[in-house]
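So you can see what is in the structure, the chains are spelled out below.
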Amino acid sequence: MHFDLSTFYLLIIGTLLASAAMMFWERGLAARRSKTLRILGAGLVVLAAGCAVALFRRFLPQAIGSAGGNLLILAGYLLVLHGVASFNGRRHLAASFCMFVGMALVWAIWGSQWQLVVWSYVSAFPIALASGMTAWEMWRCTAMSPLSARRVVIAAQSIHALFYAVRAFFLPSLVAAFGQGLLLTASEITMYEGVLFSVILPMALLKLVRDEAHGRLLQEARTDYLTRMGNRRWFFEEGARVIGSEAGQKTLSVLAFDLDRFKAINDNHGHETGDRVLALFAEIVRGVLPSGTILARMGGEEFAALLAGDDARRARLLGEAVARQFAQTVLDRTDGIGIEATVSIGLAQFESGIPSLAKGLAAADRALYQAKSLGGNRLELA
């Protein structure tokens, strides 16, 4: 099936405008990325406007037709670059200004005499550069690295940059060698790629924003709001992963923590002070236990930790260090109001015959109750 260039332009314009509408609509659902979506949506609208001007450029004066269409298209690409860069809080104002002004000067100086050359070859260079920079910005966006849509954006922008780089640097010599018919063929191939690009890139960017928002919601569902630790659900999910790993098949330790007489702290000093004590304990236990520890607030003043391998063998020393540092620090970190807060700890260690996490935690809980019955502020081994 054969399509003329006008049909391609109409397909691209319609796709870009529909994608822009989706970007603006998505702003209400992804408030954190509202600015990014606004910039990307504006970029797609400007790209569509540039394509519309390019479609009718033969009916317009040169300054409005070819030059205006090309500069609008370039501005659209630069806005998309800014939108992608804003994922990491970066901007490219100086580079964008230089590219746009440079291309405007080319049109002003050589556009009248060399209109076909500037339109067909020279104008492709800044588009290739902007597309390559956009791919690089997405590559640098490590916050998005777990998301599969990031790779699609990088691939789409890289291929697009390659198409326009070939058009800028290699097509002139190929046309000189094989004739002007090759230029029309190259234009059709570029338009085919442009249609695919106008579909794939916006959809990939939208999926990127949605996947990021979904990941944040999932993370919040697994995170305790006060201490920013994992919650009980997260503890069992991550714990199952550790137990199934190679390290988890050798040595495991489960630590159960419970702040002593915490209800009296809330009753005597208020819940705000109690929250500060909980936050302080979370800060201390995070600082003492190794970074690979699975650590969670199980509810109220109860916490739990799962250690594997060499860390598990040091669990008793680590737990005792937590109890000691918490007791020493709490007076200084609660505005000098004289709160005495301590923690009781139960430890269950397993060198072989690793049980389920629920059974391991139950064993640590029994040791915890023993520690509390002995007066608290101590660690007992199951």
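Residues numbered from 1 in each chain as written. Predicted model: local features only at pLDDT ≥ 70, side-chain atom pairs only at ≥ 80, totals over all residues. Heavy atoms only, no water.

What am I meant to see in the environment of Phe-24 here?
Residue placement: Phe-24 occurs in helix 1 (residues 5–26). For Phe-24, a relative accessible area of 34% translates into the label partly exposed. Distance in space between the C-alpha atoms of Phe-24 and Leu-37 is 6.5 Å, their sequence separation being 13 residues. What Phe-24 contacts, discounting residues up to four positions off in sequence, is Arg-38, Gly-41, Ala-42 and Val-45. (Helix = DSSP H or I, 4+ residues; strand = E, 2+ residues; numbered from the N terminus. Buried < 20%, exposed > 50% of the residue type's maximum accessible area, 1.4 Å probe, protein only. Contact = heavy atoms within 4.5 Å.)

Before we go on, may I ask you to explain the layout of surface pockets in this structure?
Sizing a probe to match a water molecule and rolling it over the atoms shows the empty space that remains. Roughly 640 Å³ of internal volume is contained in the largest pocket. As for the largest pocket, its lining consists of 35 residues, and the residues nearest its centre are Tyr-9, Trp-119, Tyr-164, Thr-190 and Met-191. Looking at the lining of the largest pocket, the element that brings in the most residues is helix 9 (residues 181–221), giving eleven residues. When grouped by side-chain class, the residues that make up the lining of the largest pocket number 22 nonpolar, nine polar and four charged. (1 Å grid on protein atoms, 1.4 Å probe; cavity = no way out; pocket = protein on both sides within 12 Å on 5 of 7 lines; lining within 4 Å. Points joined across faces, edges and corners; volume = space filled by probe spheres on them. Nonpolar A, V, L, I, M, F, W, Y, C, P; charged D, E, K, R; others polar.)

Can you help me understand helix 6 (residues 124–140) in this one?
The α-helix winds at 3.6 residues per turn, so residues separated by three or four positions along the chain end up facing the same way. Its 17 residues give helix 6 an end-to-end C-alpha distance of 24 Å, which sits within 8% of 24 Å, the value for a rise of 1.5 Å per residue. Turning to helix 6, the residues buried within the fold contact helix 3 (66–85), helix 4 (93–110), helix 5 (115–122), helix 7 (148–169) and helix 9. (Expected span 1.5 Å × (residues − 1).)

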